[in-house]
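So the chains spell out like this:
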Amino acid sequence: MATEVKPLFRAVSTSPRPLYQLLRCIDFAQRVHVQITEDGIRFAADNSRVMQGVAFLDKALFSAYTVNFPPSEDGETPDYPNFQIPLSTFLEVLQIFGSVDVAARAQKADQDPYRSNIRNYRPNAFSNHTLGIAGTCTLLYAEEGDPFKIILEESGTKTTAGLTTYLPEMPEDIPFDRNDLTFKIIMSSRTLFDCIAEIIPAGPVKLTITATKTSPFLTLSCAGDIGSSSVDFARGKDLLETFSINDRWSQAYKFDFIRHASEAMRIASKVSLRGDSQGVLSLQFMVDVEGGKRSFLDFRFVPFATHDDGDEDDVEAEEYD
Amino acid sequence: MAILTFTLSEEGVTAFRDALNCLSKFSEDVSIEARKDSFFLSTMNTSKSAYASFRFATNRFFGRYQYQATGQFQDKFYCSMYIRGLISLFRSRSGVESRGDVDKQTIIDRCDIAIEDGEGVKSRFIARIIFRNGLTATHRLPFEVSMPVHAKFNRQEALYHWSISSRTLKQLVDHFGPGTEYLEVNTDGDHVNFTCFSEKTISDDAVLKKPLHTSISVETDEFDDIDVEDKLQIVVSIKDIRAITQHAAITGNAIAARYSLPARPMQLSYASDAISCEFLIMTVGERGGNPAQRTKKARKGASSSNNHIPPHLEATSRRTSAAPSQTSAEIQRQQSEMPPPASSRQPSNPTPRLSAAKASASRIGAFDFRPSQRPPPPTLRSESLFVDDEAWEPVRDEDEDGDENARLEWDHSADPVSDLVNCW
């Protein structure tokens, strides 16, 4: 062990399940941009600069979290490490965790036929999971240019995975003007999930989100191959916890992009929908993770440009009548 | 302008979905026909060999039903729609993960349907689904105005009929394997045989070139009533029967079949509280030698020469299977009263059959539906599986005496097991 040079970043978690849950929500891009700060790690996925998903893993999610950034020249904010890693590989590695326990149990069952035949279906009181000594998952980034290492230790088995880090592309965040919001709605994330599920069978390409001051308040509508569908909150104003709106707002988004956020809608407890005057949509999800902690997922979407040509008018007219 | 508006309750949506699911097994499109006082869903398959229709009682099934006669639809409104679109609209919303968690379930409160057509109005089927939590979903599906094709059935021509509990029929149909294509129904004395088979070979390499050939023999007592020409072989598509029985079993009422001769249509019908269903399917098959002879039974337990015997206590299954509605306990009883093999029937080597029967008796719990293994002699059996045509002829029609012997009454001795042993 190199004791003299402290690694840039080291974090230990005893239960990487929340990490996996959160990161899976932004699994729509090949690589994610990783930025390590003193408060946590930020994973940002980006799709053609029109959709962005950010998962922020707060340091509270880890049982140990140490950073050791070299001070920058001007002595103020240090340079945060920035790099890219393949997200699907990272998720696969995280899934290894827990498999050792299963394998160990299978082995034990082989040796002990009594257990294998009769007690196999019962939760094992002595499994690592039940005892809460599920092993550890260590994330390690030793120095710039090094592989991003994931070290999983459980039941005496140690798995080390090194993910190649790529140079950051430095994608700009999708500009979202917090000071020029047209509307802000907070509601149960499950409701939004149901709305999306309701219109999926229509096979939509475009999803139009309309927020109005008066009934029906919020409408999601689309037109697909077998017809058009829309969901509104005309009778369900109670479902909207916070509802503030300055002006009628209506924008269309590519449905597939919104659908990428459906995993987040599923696991989150609350969602905040915001739209700015440019039409950028921001979805912020509040996820309750194990141990009463909260994490946030942030999605931003750029709308379709609004210069309607003839045949689209046709579709729109049907949606809004 | 809305030509037709109606409201479905939550149960109505479920019933609609069941009907559409059944229709989707026949065709991709469904025809809707609505009048002032009736509402039909019907479809005919592409080969025009099967027709299905559901009639909804407008006053009982719908919460509200209003027909507005206009323009070309003075008398009735009709259109054709893509079934998949409708099914997804009426699909069940309660997902697996949210089950048990009432707060998370999206329960349909009601569903308002409006059909709009006319000049200057788009032809749309508009369903407004109102959920209990306050969400409102509006779906607009296009439709095509086209006259539905109805199949006609001449009831006068259909001399033969039977009716049976739909659940019993479904249990029978459940036994037929997935690779099979046809279902043959024939009668033989006081039994009705359902035989499921396929004409196509699976692969040339396999030893068994044809998939499972399953035959179930059902006593006429299982039927509510039956009047069929003896040895009339009627063959229909098992796929259609499966679709029908699946839906019929949901309603749980008796299903009635009417038919005449092979190559003439067969009508299957059943009704529940507010829905009546009718299916017409084409038949093929062969007629037996003796048209005058009929298998008849008016109502359960009536007019049979031995009607003092409760139906279950007869030694039922002579050949391959017993009716599945019998419980294993009953089957055990039957086992115990199984007579010694009639000597006229099986003069050659009785020993293997005895041992076979004993073996099966010991495994009775595991093989409920094949309780009394009294396989026909090896030659007969192999023929019936691999050689066609006369294999489906009743195997032992000549020995009526043997049948009489088989119909023993329940022996009231206490221990069926010892009985069993004594018997053999």
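By convention here, each chain's residues receive numbers from 1 onward along its written sequence. Ligands are numbered from 1 and chains lettered from A, in the order in which they are written. Selection of residues for local features in this predicted model requires a pLDDT of at least 70, selection of side-chain atom pairs for listing and counting requires 80 or more, and totals for whole chains, interfaces and linings are taken over all residues. Excluded from the side-chain calculations are hydrogens and water; all other atoms, namely the structure's heavy atoms, are used.

Looking at the overall build of chain A
Item 1. Each helix is a run of DSSP H or I of at least 4 residues and each strand a run of E of at least 2, with the numbering of both proceeding from the N terminus. Within chain A one finds nine helices and 18 strands.
Item 2. Residues classed as buried in chain A amount to 47% of the 321 residues present.
Item 3. Contacts were defined at the residue level, with two residues in contact if any of their heavy atoms lie within 4.5 Å. Residue pairs in contact within chain A that sit at least 24 positions apart in sequence constitute 66% of those at least 6 positions apart.
Item 4. A 1.4 Å probe and the Shrake-Rupley method give the accessible areas. Residues count as covered only by the protein chains that appear here. Total accessible area on chain A is roughly 16300 Å²; 48% of this is exposed by carbon and sulfur atoms. Exposure categories follow from relative accessible area, calculated using a 1.4 Å probe and restricted to protein chains: below 20% of the type maximum is buried, above 50% is exposed, and the middle band is partly exposed.

Observations regarding the domain arrangement of chain B
Residues and elements named next belong to chain B.
Item 1. In this document the domain limits rely on a domain assignment from an automatic tool or a database. Taken domain by domain, chain B consists of domain 1 (2–96 + 107–142) and domain 2 (160–366).
Item 2. Summed over both partners, the accessible area lost on bringing two parts together, with a 1.4 Å probe, is the buried area. Interface area, domain 1 with domain 2, both sides summed: about 1400 Å², of which 57% is carbon and sulfur.
Item 3. By the criterion of area lost to domain 2, the three top residues of domain 1 are Lys-25, Phe-26 and Tyr-51, representing 31% of everything that side buries.
Item 4. The term salt bridge refers to a pairing of a side-chain nitrogen on Lys or Arg with a carboxyl oxygen on Asp or Glu at a separation within 4 Å. On inspection of domain 1 and its partner domain 2, the count reaches one salt bridge.
Item 5. A salt bridge links Asp-273 to Arg-60; its shortest N-O distance comes to 3.5 Å.
Item 6. Contributions of two or more residues to the side of domain 1 that touches domain 2 are made by α1 (10–24), β4 (50–57) and α2 (58–61).
Item 7. Counting residues per element, the side of domain 1 that touches domain 2 draws most heavily on β4, which supplies eight residues.
Item 8. Here the term charged refers only to Asp, Glu, Lys and Arg, the term nonpolar to Ala, Val, Leu, Ile, Met, Phe, Trp, Tyr, Cys and Pro, and the term polar to all other amino acids, Gly among them. Tallied by class, the residues present in the side of domain 1 that touches domain 2 amount to 11 nonpolar, two polar and four charged.

Things to note about the packing of α1 of chain B against helix α5 (residues 238–251) of chain B
Residues and elements named next belong to chain B.
Item 1. Axis definition: a line fit to C-alpha positions, over the contact stretch in the case of helices; interaxial angles, taken between N-to-C directions, run 0 to 180 degrees. At a minimum axis distance of 9 Å, the contact between α1 and α5 shows a crossing angle of 170°. Put simply, α1 runs roughly antiparallel to α5. Crossing hand, α1 versus α5: left-handed. Only Ala-243, His-247 and Ile-250 of α5 make contact with α1, whose side of the interface consists of Asp-18, Ala-19 and Cys-22. Oblique is the label for any angle not covered by the other classes, which are roughly parallel (under 35 degrees), roughly antiparallel (over 145) and roughly perpendicular (65 to 115). Crossing handedness is defined as follows: a turn of the near helix away from the far one that is anticlockwise and smaller than a right angle gives a left-handed crossing, while the clockwise case is right-handed.

Observations regarding the confidence of the model for chain A
Item 1. Per residue, pLDDT captures the predictor's confidence, and it can take any value from 0 to 100. When pLDDT is averaged along chain A, the result is 84; 83% of the residues meet or exceed 70.
Item 2. This stretch, residues 309–321 of chain A, has a pLDDT under 50; its non-local contacts, to residues over four places away or in other chains, come to 17 contacts.

Some points on the confidence of the model for chain B
Residues and elements named next belong to chain B.
Item 1. Predicted confidence across chain B gives a mean pLDDT of 73, with 63% of residues reaching 70 or more.
Item 2. Confidence drops under pLDDT 50 across residues 300–409; counting only partners more than four residues distant or on other chains, this segment forms 147 contacts.
Item 3. Here residues 415–424 scores under 50 on pLDDT; set against residues more than four positions off or in separate chains, the count is 15 contacts.
Item 4. Under the prediction, the complex receives an ipTM of 0.80, its pTM being 0.73.

Here we look at the interface of chain A and chain B
In many reports, interface size means the accessible area that the parts give up when they come together.
Item 1. Opposite the 22 residues of chain A that make contact, chain B presents 25 residues.
Item 2. Around 1900 Å² of area is buried between chain A and chain B when both sides are counted, 45% of it from carbon and sulfur atoms.
Item 3. Where chain A packs against chain B, one counts one salt bridge.
Item 4. The closest approach of N and O atoms between Arg-91 of chain B and Glu-198 of chain A, which form a salt bridge, is 3.9 Å.
Item 5. Under this definition, polar contacts are N or O atom pairs within 3.5 Å; protein pairs additionally need one hydrogen-donor-capable and one acceptor-capable atom, and for neighbouring residues in sequence, both atoms have to be side-chain atoms. Our count for the chain A to chain B interface comes out at seven residue pairs in polar contact (both at pLDDT 80 or more).
Item 6. Elements that contribute at least two residues to the side of chain A that touches chain B include exactly α6 (189–199), β13 (227–232) and α9 (310–320) of chain A.
Item 7. Class assignment of the residues belonging to the side of chain A that touches chain B gives a composition of seven nonpolar, six polar and nine charged.

Re the pattern of salt bridges
Where charged atoms from two side chains of opposite charge approach closely, those side chains can pair.
Residue and element names in this part refer to chain A.
Item 1. Scanning all chains against the criterion turns up 20 salt bridges over all chains.
Item 2. Arg-266 is paired through a salt bridge with Glu-263; the nearest N and O atoms lie 3.2 Å apart. Of this pair, Arg-266 and Glu-263 are both found in helix α8 (residues 262–267), three residues apart, which corresponds to roughly one turn of the helix.
Item 3. With a relative accessible area of 31%, Arg-266 lands in the partly exposed category.

Here we look at the sheet that holds strand β7 (residues 136–141) of chain A
Paired through backbone hydrogen bonds, the strands of a sheet run either parallel or antiparallel to each other.
Residue and element names in this part refer to chain A.
Item 1. Read across the open sheet, the five strands follow the order β5-β1-β7-β8-β9; overall the sheet is antiparallel. Across the chains shown, the open sheet's two edge strands, defined by having one partner strand only, are β5 (64–67) and β9 (157–163). Each strand of the sheet is rotated relative to its neighbour by a mean of 10°, with strand direction disregarded.
Item 2. Across seven bridges, strand β8 (residues 148–154) lies against β9 in antiparallel orientation. Each residue of the ladder has a partner; that of Phe-148, found in β9, is Leu-163. Any two strands with at least two DSSP-identified bridges between them are counted as paired.

Examining unusual backbone geometry
All names here are of chain A.
Item 1. Residue Pro-216 follows Ser-215 across a cis peptide bond; omega there is 10°.
Item 2. For Pro-216, the position within the fold is in the loop between β11 (204–211) and β12 (218–224).
Item 3. Unusually for a residue other than glycine, Arg-49 sits at a positive phi of about 65°.
Item 4. Relative to the helices and strands, Arg-49 resides in the loop between β3 (40–47) and β4 (51–58).

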